[in-house]
Amino acid sequence: MCMNIPDAPDIDRVLLTGYPEPLQPHSIQCEYCGKELFGEDSVFSYDGDLVCDCCFLNQIQEDLLAEDIARKLGFRVLTASRAAEEQEEKE
């Protein structure tokens, strides 16, 4: 007496199609907006939260003044009066 035992679903798929089930990519969700991030998407750790690039930029703009951002990036921040004085000195 021979019992007919069904194959596992993975084996059935390979026998029927010739291909295994595609692997699902690892993904996470932005903790601020819920956008799904996977593959080569940039993920930023901001105050312990994993966020997408848009939420990161929005949060930076809310938390820091333009002057703070410029200084952190290495730019000089001048007042209009000081910039005018320096411009006059060059001329």
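Look up a bit, the structure's there.
Below is a short write-up of the structure. Everything quoted here is computed from the prediction, not taken from an experiment.

## Regarding helix 2 (residues 53-63)
Part 1 of the reasoning: Among the residues of helix 2, those classed as buried are C55, Q59 and I60. Buried residues in helix 2, looked at end-on, bunch into an arc of 135°, giving them a common side. Seen from the buried face of helix 2, the exposed residues on the opposite side, beyond 90 degrees, are L57 and Q61.
Part 2 of the reasoning: The inward-facing, buried residues of helix 2 abut strand 3 (44-46), strand 4 (49-51) and helix 3 (66-72).

## Considerations on the state of the cysteines
Part 1 of the reasoning: Summed over the entire model, instances satisfying the criterion amount to 0 disulfides.
Part 2 of the reasoning: With no disulfide partner, C30 has as its closest neighbouring cysteine sulfur the one in C55, 3.7 Å distant.
Part 3 of the reasoning: What makes C30 buried here is its relative accessible area of 4%.

Parameters at a glance
Residues numbered from 1 in each chain as written. Predicted model: local features only at pLDDT ≥ 70, side-chain atom pairs only at ≥ 80, totals over all residues. Heavy atoms only, no water. Buried < 20%, exposed > 50% of the residue type's maximum accessible area, 1.4 Å probe, protein only. Helix = DSSP H or I, 4+ residues; strand = E, 2+ residues; numbered from the N terminus. Arc of directions from axis to C-beta. Contact = heavy atoms within 4.5 Å. Disulfide = S-S within 2.5 Å.

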